[in-house]
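# Understanding the architecture of this molecule
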Amino acid sequence: MNEPPPARRDVRRLKLYVAGQSAGGQRAFIGRKRLIEVMHGEVEIEVVDILANPEEAERAGILATPTLADESCNPPRRLIGDISDPAQVLEYFAILTEAAREGNDDRK
């Protein structure tokens, strides 16, 4: 009567580098939330505040914020600036899905 555990789905892990609570950082947080919603939890986006963790930003070679990075590939892929359009962001990182296309249609 033991049921097998549910299949583990692959979750893409990205990092969002921001500089504190700046206006650009706030917009990036909103974009991050939309990306996670559009991907139905199939993407994790860790936030790294470079003001609180400058050594991590230096180690990753981050020169500007906000920066969304996929460090699972070599060389890492980085998108600097506006991440408000989920379809464009996911296409850039090659994880575009039908859900992302639908999520882009409801923008105002």
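Residues numbered from 1 in each chain as written. Predicted model: local features only at pLDDT ≥ 70, side-chain atom pairs only at ≥ 80, totals over all residues. Heavy atoms only, no water.

This brings us to the overall build of the chain. Looking only at helices and strands, one finds four helices and four strands in the chain. Traced from its N-terminal end to its C-terminal end, the chain shows the element sequence β-α-β-α-β-β-α-α. Looking at the chain as a whole, 34% of its 108 residues are labelled buried. Looking at the chain as shown, the accessible area adds up to about 7200 Å², and 50% of this sits on carbon and sulfur atoms. (Helix = DSSP H or I, 4+ residues; strand = E, 2+ residues; numbered from the N terminus. Buried < 20%, exposed > 50% of the residue type's maximum accessible area, 1.4 Å probe, protein only. Areas by Shrake-Rupley, 256 points an atom, 1.4 Å probe, with all protein chains shown as cover.)

Spatially, four strands are ordered 2-1-3-4 in an open sheet, and the strand pairing comes out mixed. Because the sheet does not close on itself, it has two edges, and the strands there are strand 2 (43-49) and strand 4 (77-80). In this sheet, neighbouring strand axes are inclined to one another by 20° on average, regardless of whether the strands run parallel or antiparallel. Looking at chain direction, strand 1 (residues 12-18) and strand 3 (residues 67-70) are connected through three bridges and run antiparallel. For K15, the partnering residue across the bridge sits in strand 3 and is A69. (Pairing = 2+ DSSP bridges. Axes fitted to C-alpha atoms, helices over the stretch in contact; angles between N-to-C directions.)

Moving on, we get to the nonpolar core. Core analysis: the largest hydrophobic core is formed by 16 residues, its most contacted members being L16, L35, I45, L68, I83, V89 and F93. Elements with a minimum of two residues in this core: strand 1, helix 1 (23-38), strand 2 and helix 3 (86-92). The residues touching L16, leaving out its near neighbours within four places in the chain, are A28, R32, I45, E46, V47, V48, P66, T67, L68 and I83. Y17, V48, A57 and A69 belong to the second-largest nonpolar core, a separate cluster that totals six residues. (Core = buried A, V, L, I, M, F, W, Y, C linked by side-chain atoms within 4.5 Å. Contact = heavy atoms within 4.5 Å.)

The next thing to look at is helix 1. For helix 1, built from 16 residues, the straight-helix expectation of 22 Å at 1.5 Å per residue is met to within 8% by its first-to-last C-alpha distance of 23 Å. Listed as buried for helix 1 are G24, G25, A28, G31, L35 and V38. Seen from one end, helix 1 has its buried residues packed into an arc of 135°, which puts them on one side. When the buried face of helix 1 is taken as reference, the exposed residues oriented beyond 90 degrees from it are A23, I30 and K33. Positive backbone phi, approximately 50°, marks H40, located one or two places after helix 1. (Expected span 1.5 Å × (residues − 1). Arc of directions from axis to C-beta.)

Attention now goes to the side chain of D85. Position of D85 relative to the elements: it lies in the loop between strand 4 and helix 3. On the basis of relative accessible area, D85 is assigned to the buried category, the value being 13%. Within the structure, the side chain of D85 is placed 3.1 Å from the backbone nitrogen of A87, a separation counted as a polar contact. (Polar contact = N/O pair within 3.5 Å; in protein donor to acceptor, adjacent residues only side chain to side chain.)

What follows covers the environment of G25. Take G25: it is sitting in helix 1. We classify G25 as buried; its relative accessible area is 3%. C-alpha separation for the pair G25 and T65, spaced 40 residues apart in sequence, amounts to 7.6 Å.

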